[in-house]
Amino acid sequence: TYSLDVIFVDVPETSYSLSGDKINESGWYSGDVTITPVEGFKISYSNDLTENTWEDKLVVSDEGYNEKTIYLKSDEGISDAIVIPGNDIRIDKSTPKNLKISYSTSVIDTIFKIGSFGFYNASAVVTIEAYDEFSNIASFDYTYGDINGHIDSKNITYSSDKKTAT
């Protein structure tokens, strides 16, 4: 009988870096994310010894949360599996969809406007709505005439799945 002990090569605590364009402080990337190993290592999604290609970097392109298991290889050997959590590689390449802008006035304001032949300026409630499949809506920026506005997440109402914001 034979005994075989598998010993994985030690890797630094920070064994890879992630790079790409981030949307904002939310942590979402707006395009592909590159996974680069620390100096002295190659990287792969597999630890197969024969049917494997070891690269200088890996590129993640899929939108959404991307949990990845990677392996690093140096002249000394191959690392154990390193799991990159999906929350670390979140990609949203598409802009929000179904943008809707609507407004409403109260019945009293509408009556005053009609009664004043259009000279009464009624106040209106403006509603802006959009849908984002991946990263959610963080804010709305708008322009009305000479007014530039910003509505941040504290003043946005979200659907239960957080994909639609009003």
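Our subject is the structure listed above.
Here is a short report on the structure shown in this document.

Quick notes on the rules
- Residues numbered from 1 in each chain as written.
- Predicted model: local features only at pLDDT ≥ 70, side-chain atom pairs only at ≥ 80, totals over all residues.
- Heavy atoms only, no water.
- Helix = DSSP H or I, 4+ residues; strand = E, 2+ residues; numbered from the N terminus.
- Rg over C-alpha atoms; globule rule 2.2 N^0.38 Å.
- Buried < 20%, exposed > 50% of the residue type's maximum accessible area, 1.4 Å probe, protein only.
- Contact = heavy atoms within 4.5 Å.
- Areas by Shrake-Rupley, 256 points an atom, 1.4 Å probe, with all protein chains shown as cover.
- Lys, Arg positive; Asp, Glu negative; His and termini not counted.
- Charge placed at Lys NZ, Arg CZ, Asp CG, Glu CD.
- Salt bridge = Lys/Arg side-chain N within 4 Å of Asp/Glu carboxyl O.
- Pairing = 2+ DSSP bridges.

### Quick look at the overall build of the protein
Helix and strand counts for the protein come out as 1 helix and 14 strands. A compact globule built from 166 residues would reach a C-alpha radius of gyration of about 15 Å, whereas the protein, at 26 Å, exceeds it by more than 25%. Over its C-alpha atoms, taken along the principal directions, the protein stretches across nearly 100 × 35 × 25 Å. The buried share among the 166 residues of the protein stands at 26%. A separation threshold of at least 6 residues defines the contact pool for the protein, and within that pool the share at least 24 residues apart is 51%. Here the protein has roughly 11800 Å² of accessible surface; of this, 50% comes from carbon and sulfur atoms. Separation of charge centres in the protein, based on 13 positive and 27 negative side chains, amounts to 8 Å.

### Here's the deal with the environment of Gly-77
Here Gly-77 is to be found in strand S7 (residues 77-78). Between the C-alpha atom of Gly-77 and that of Asp-10, which follows or precedes it by 67 residues, the distance is 8.8 Å. Those residues in contact with Gly-77 that lie beyond four places of it in its chain are Val-9 and Leu-72.

### A look at the pattern of salt bridges
Once the charged atoms of two side chains with opposite charge are near each other, the side chains can pair. Evaluation of the coordinates by the stated rule reveals 3 salt bridges. Here Asp-56 makes a salt bridge to Lys-42, at a shortest N to O gap of 2.5 Å. Here the residue Asp-56 occupies a position in the loop between strand S3 (42-44) and strand S4 (58-60), and Lys-42 occupies one in strand S3, the gap between them amounting to 14 residues. Classification of Lys-42 by relative accessible area gives partly exposed; the value is 34%. Among the ionic pairs, Glu-129 bridges to Lys-100, the shortest N-O distance being 3.8 Å. Here Glu-129 is found in strand S11 (residues 125-131), whereas its partner Lys-100 is found in strand S10 (residues 97-104), with 29 residues between them in sequence.

### Side note on the sheet that holds S10
Spatially, S10-S11-S14 is the arrangement adopted by the 3 strands of the open sheet, whose pairing is antiparallel. Looking along the sheet, the strands with just one partner apiece sit at the ends: S10 and strand S14 (164-165). Here S11 runs beside S14; their pairing, made up of 2 bridges, is antiparallel. Within S14, the position partnered with Ala-130 by the bridge is Ala-165.

### Observations regarding the environment of Val-6
When you line up the elements, Val-6 lands in the segment before strand S1 (16-19). In this structure Val-6 comes out as exposed when scored by relative accessible area, which is 61%.

Everything listed here is a matter of coordinates, which is why it stays silent on function.
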